[in-house]
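Observations on the three-dimensional arrangement
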Amino acid sequence: MTSNSPGEERSGVDWDTESATFDDEPDHGLRDPAVREAWAARLRGWLPRDPVDVLDLGCGTGSLSLLASEARHRVTGVDLSPRMVELARAKLAGRDAAFLVGDAVAPPVGEQRFDVVLVRHVLWTLSDPGRVLRHWRGLLRPGGRFVLVEGVWGTVSPAGLPADRLTGLLTPLAQDVRVERLSDDPVLWGREVEDERYAVIAVL
């Protein structure tokens, strides 16, 4: 997923340029059937069973949006990179999905509300994730949920958002907050990983 805030730590990344090779990473493009099915299975567990409206923020090339759409959900994706959005639109052509160029921190969705806010690898880049989460909560309908995939990468100079910090930010906003550890499932990443990777599912 691409990260989008003007004040983010990775603001120097040219995501339009990165889009050409973005899907080469196993967990980005999901080209390997085993990796794809591993993510699809996780999403089936994280998202409601019945079709709902999903807002995929920092959607990148739309790989998770596609899995959600294949599970019959209605998807709106937002990404700051026009090229990423082009690729996502092509990937989900003919599906019940819409993709918008915009800032994930303040997505351009007007008065529309959603049942799920899905975000992967965006929050860790933001200087004030608590403020952003409060804004995103206003985009959810009553009983909606956050599905947030995050982590801490590297050992010498680790960068990221630890699970305990994220759950602390979500506890005042949601009725039920649970963490699902992802580091011990190498199929998700196409390789063994040693750093902290996890998902938080928080239901309002």
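Residues numbered from 1 in each chain as written. Predicted model: local features only at pLDDT ≥ 70, side-chain atom pairs only at ≥ 80, totals over all residues. Heavy atoms only, no water.

Moving on, we come to the overall build of the protein chain. Across its full length, the protein chain carries 8 helices and 8 strands. With the principal axes as the frame, the protein chain shows a C-alpha extent of 45 × 40 × 35 Å. Out of the 204 residues belonging to the protein chain, those deemed buried represent 53%. Taking all contacts inside the protein chain whose residues are at least 6 apart in sequence as the whole, residues at least 24 apart take part in 66%. Carbon together with sulfur atoms contributes 48% to the accessible area of the protein chain, which is approximately 9100 Å² in total. With 24 positive and 32 negative side-chain charges, the protein chain shows a spacing of 5 Å between the two charge centroids. (Helix = DSSP H or I, 4+ residues; strand = E, 2+ residues; numbered from the N terminus. Buried < 20%, exposed > 50% of the residue type's maximum accessible area, 1.4 Å probe, protein only. Contact = heavy atoms within 4.5 Å. Areas by Shrake-Rupley, 256 points an atom, 1.4 Å probe, with all protein chains shown as cover. Lys, Arg positive; Asp, Glu negative; His and termini not counted. Charge placed at Lys NZ, Arg CZ, Asp CG, Glu CD.)

Moving on, we get to the packing of helix α3 (residues 33–46) against helix α4 (residues 63–70). It is at 10 Å that the axes of α3 and α4 come closest, and there the two elements cross at 60 degrees. The pairing of α3 with α4 is recorded here as oblique in orientation. Relative to α4, the crossing made by α3 is right-handed. Within the contact between the two elements, α3 uses R36, W39, A40 and L43 and α4 uses L64, L66, L67, A68 and E70. Among the residues forming the contact of α3 with α4, the class breakdown is 7 nonpolar, no polar and 2 charged. (Axes fitted to C-alpha atoms, helices over the stretch in contact; angles between N-to-C directions. Parallel < 35°, antiparallel > 145°, perpendicular 65-115°, else oblique. Left-handed = near helix turned anticlockwise from the far one by under 90°. Nonpolar A, V, L, I, M, F, W, Y, C, P; charged D, E, K, R; others polar.)

Along the chain, L173 turns up in the loop between α7 (163–170) and β7 (176–181). Put simply, L173 and L133 are 40 residues apart on the chain and 8.4 Å apart in space, counted from C-alpha to C-alpha. In contact with L173, other than residues within four places in its own chain, are L133, R134, R137 and L204.

Further remarks concern the side chain of S65. Within the fold, S65 resides in helix α4. When neighbours within four sequence positions are excluded, S65 is seen to be in contact with D56, C59, V75, L92 and F99.

Counting 31 residues, the largest nonpolar core has L133, W136, F146 and L166 as the members making the most contacts within it. Of all the elements in the fold, those that place two or more residues in this core are β1 (53–57), β4 (114–120), α6 (129–137), β5 (140–153), α7 and β8 (196–203). The greatest single-element share of this core, amounting to 4 residues, is contributed by β5. Those residues within four positions of L166 in sequence are excluded, and the remaining contacts are L123, L133, L148, E150, L161, Y198 and V200. In terms of nonpolar packing, the next biggest core, distinct from the first, is built from 24 residues, A40, V75, A199 and I201 among them. (Core = buried A, V, L, I, M, F, W, Y, C linked by side-chain atoms within 4.5 Å.)

Time to look at the pairing of β1. Among the 5 residues that make up β1, 5 are buried, leaving the element largely enclosed by the rest of the structure. Once the chain exits β1 it traverses α4 before rejoining the sheet at strand β2 (residues 74–79), and the crossover so formed is right-handed. Looking at chain direction, β1 and β4 are connected through 4 bridges and run parallel. Within the sheet, the bridge partner assigned to L55 lies in β4 and is V117. (Right-handed = clockwise from strand over helix to strand, strands pointing away. Pairing = 2+ DSSP bridges.)

Turning our eyes to something else, we now look at the confidence of the model for the protein chain. Mean pLDDT over the protein chain stands at 92; residues scoring 70 or higher make up 94%. Within the model, the stretch residues 1–11 combines pLDDT values under 50 with 41 contacts to residues more than four positions away or in other chains. (pLDDT = per-residue confidence, 0-100.)

The backbone of R72 sits at a positive phi, close to 80 degrees, despite the residue not being glycine. Inspection of the secondary structure assignment puts R72 in the loop between α4 and β2. Located in the positive-phi region is H121, a residue other than glycine, with phi close to 60 degrees. Looking at where H121 falls in the secondary structure, it is placed in the loop between β4 and α6. Overall, the relative accessible area of 10% leaves H121 in the buried class.

Looking now at α7. By the burial criterion, the buried members of α7 are A163, L166, T167 and L170. Angularly, the buried residues of α7 cover 100 degrees about the axis, an arc narrow enough to put them on a single face. Elements in contact with the buried residues of α7: α6, β5, β7 and β8. (Arc of directions from axis to C-beta.)

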